[in-house]
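What the coordinates show
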Amino acid sequence: MALIVQKYGGSSVADAASIKRVAKRVAEAKRAGHDVVVVVSAMGDTTDELIDLANQVTPLPPQREMDILLTAGERISMSLLAMAIHNLGVDAKSFTGQQAGVITDEAYGKARIIDVSPSRIKDTVARGEVAIVAGFQGVNPSTNDVTTLGRGGSDTTAVALAAALKADVCEIYTDVDGVFTADPRIVPSARKLDRISYDEMLEMAASGAKVLVLRCVEYARRYDVPVHVRSSFSTRTGTLVTNEALVTNEEGEQMEQPIIAGVAHDRSEAKITVVGVPDVPGKAARIFEVVAGAGVNIDMIVQNVSAASTGLTDISFTLPAADGSKATAALTEHQPDIGFTALQYDDTIGKLSLVGAGMRSHPGVSAKLFAALSEAGINIEMISTSEIRISVVTSSDSLDDAVRAVHTAFELDSTEDEAVVYGGTGR
Ligand code: ADP
Ligand code: ASP
Ligand code: MG
C-alpha cells in the first residue's frame, strides 16, 4: 500500500464523461488499497476562456481579481470530480488550495509556494477518504487573498503536496503517454522516454516542453519526489522523472546515458534589436538595467561587431512576447540617455533546444545540429548554450521543420507506432 498523489490536467477532465472516466481511475487506485490524493486542473481550456472573458470586460484586469477569477476553474473540476467519485461508492472530499494549506508569496499570477501544511488532507486520507485538491492556487497568509501559481501551475501543486505528504510517487496524468523526444503534436515519430533525469527535464521544461511546468521540476528535484508522467487515457507505463544517479537497468547496473534526451521548442518569445548603440563601456549595462527595471526577464543576448567607421553596434535579445510592449516602452523612454538609433521588434521567432546530459562529454553535437538545420535550409538567427543544452532561434514559420530535421539527424525517430495524442486542443 502506497500514498499516491495523482494530478489530472485540463484535457483529462475536459467534460462530464472525462470526469467520470478519471473518477473510475481514482476509485480503482483506492480499491487497490492505496491512499490517494488527487490534484485537478480546470476543465479543458477553461483558464484561457476566463482570461478572454476578463479581457472583454477591461483591457487591464486588476491582478487580485484576475487570480480570484482563475481559481474558479479548478474549483469547478474539483467538486465535480468529488461528486463523480462519490457516485462510485468511494468517499471523497474536495479542497481549495487555501483549505489544503498551500501557502504562497504575494505575487499574483505567478506566486511561489513557500510552505505546504496539509493537515486537512492528512486527516481526510487517515479517515480512508480520497482528498481532491484544486491545483494552481494558494493563499497569501499576510492578506488572506488567493493567488495563482502561473500557467501550468497544477503540476507544481501536485509535486509540492507529494513532497509535504512524503508520497511514494507523484503521477502526472495528461493527454500523451509520457515525456517524448519531441512534442508528439509536431513530431509523430517522437519516442517515449522510459526515464529522464531532473536536470534534463528542467532544461526541456525551461525550453518550452510544456508537458511539465518548470517550477514543478525544480520542486521535485529539490525534494527528491519521483514523478511519473503518463496518460489518463491509457494504462501504459509513462516516463519516470528521477535522479540521474538512479538510472539503472533491470539487473541494477548503472546504464550509460544517451547523448540526447530530446528536442524542445518554444514559440512564446520575441526578439528586440537595439540598433546603433554607442560601442562604449556601460551601454549594455544600461539597456539591461532598463529592461530589468520594467520587470522583464530576458533569455538570449547577441551583440554584433561594431562598425569601425561609426563606432555603433547592435544588441539583440529575446524575451517573453507577453512582455514585449513593456520592454519597448521602457527602452523608448530611455532612448535619449542610452543614445541608440532605433528599436526593432520581431515576434515571429521560434526557439529550438536540443537537450541531453551526454552532451557534456560528447564533441560534435553543435556541428551536427547546425549541419541538420543547414541541410533543411533553415536560417539560424541566434545561438545560446548551457552545459547540457544548445538553443537556436529561427523564424517561427520554419520552427516545426527545424524540430523534425534535428530530431531525425540525431536518430531520435521511433521505429514503432506513431505517438498518440489522446486529447487536448494544444492551446
Ligand atoms: P495538461 O493539460 O495535462 O497539463 P499540457 O497541455 O500542459 O497538459 O501538456 C501536455 C502537452 O505537452 C502534450 O499534449 C504535448 O503537446 C506537449 N508537449 C510538449 N513537449 C512535449 C514532450 N517532449 N513530450 C510530451 N509532450 C510534450
Ligand atoms: N488551469 C491552469 C492553466 O491552464 C493550471 C494548470 O492547468 O496547470 O494554466
Ligand atoms: Mg500542463
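Before reading further, recall that the structure is shown in the block above.
Computed from a predicted model, the values in this text were never measured in an experiment.

**Digging into the site of ligand 2**
In the region of ligand 2, the neighbouring residues are S41, A42, T47, E74, F136, R151, G152, G153 and S154. The side chain of T47 places a nitrogen or oxygen atom 2.8 Å from a nitrogen atom of ligand 2. Between G152 and ligand 2, the recorded distance is 2.9 Å, taken from a backbone N or O atom to an oxygen atom. Isolated, ligand 2 exposes 260 Å² of accessible area, and the fraction of that covered by the protein chains is 86%. Taken together, the residues that form the shell around ligand 2 break down as 2 nonpolar, 5 polar and 2 charged.

**A word on the nonpolar core**
Counting residues in hydrophobic clusters, the biggest one holds 47 residues, and the most contacted among them are V5, V37 and L212. Looking at this core element by element, the count peaks at 6 residues for helix α5 (residues 154-164). Setting aside residues up to four positions removed in sequence, L212 forms contacts with D155, I172, M201, A205, V217, V227, V229 and V241. If you look at the next biggest cluster of nonpolar residues, it comprises 24 residues, including L352, I390, V392 and V406.

**Quick word on a nonpolar patch on the surface**
A contiguous nonpolar patch, built from I76, L80 and M83 and spanning about 270 Å² of accessible area, is present on the exposed surface. Relative to the elements of secondary structure, I76 occurs in helix α3 (residues 63-87). Relative accessible area serves as the criterion here: at 44%, I76 is assigned to the partly exposed category.

**Describing the site of ligand 1**
By nearness alone, 19 residues border ligand 1, and T174, D175, F180, D183 and R185 come closest of all. T174 is positioned such that a nitrogen or oxygen atom in its side chain is 2.7 Å from an oxygen atom of ligand 1. A distance of 3.3 Å separates an oxygen atom of ligand 1 from a polar atom in the side chain of K210. Protein chains shield 90% of the accessible area of ligand 1, which is 580 Å² for the free molecule. Here the residues of the shell around ligand 1 sort into 9 nonpolar, 5 polar and 5 charged.

The rules we used
- Residues numbered from 1 in each chain as written.
- Chains lettered and ligands numbered in written order.
- Predicted model: local features only at pLDDT ≥ 70, side-chain atom pairs only at ≥ 80, totals over all residues.
- Heavy atoms only, no water.
- Near = heavy atom within 4 Å.
- Polar contact = N/O pair within 3.5 Å; in protein donor to acceptor, adjacent residues only side chain to side chain.
- Areas by Shrake-Rupley, 256 points an atom, 1.4 Å probe, with all protein chains shown as cover.
- Nonpolar A, V, L, I, M, F, W, Y, C, P; charged D, E, K, R; others polar.
- Core = buried A, V, L, I, M, F, W, Y, C linked by side-chain atoms within 4.5 Å.
- Buried < 20%, exposed > 50% of the residue type's maximum accessible area, 1.4 Å probe, protein only.
- Helix = DSSP H or I, 4+ residues; strand = E, 2+ residues; numbered from the N terminus.
- Contact = heavy atoms within 4.5 Å.
- Patch = residues over 30% accessible without salt bridge, like charges linked within 9 Å, V, L, I, M, F, W, Y side chains within 5 Å.
- Salt bridge = Lys/Arg side-chain N within 4 Å of Asp/Glu carboxyl O.

Purely spatial values, then, with no claim about function.
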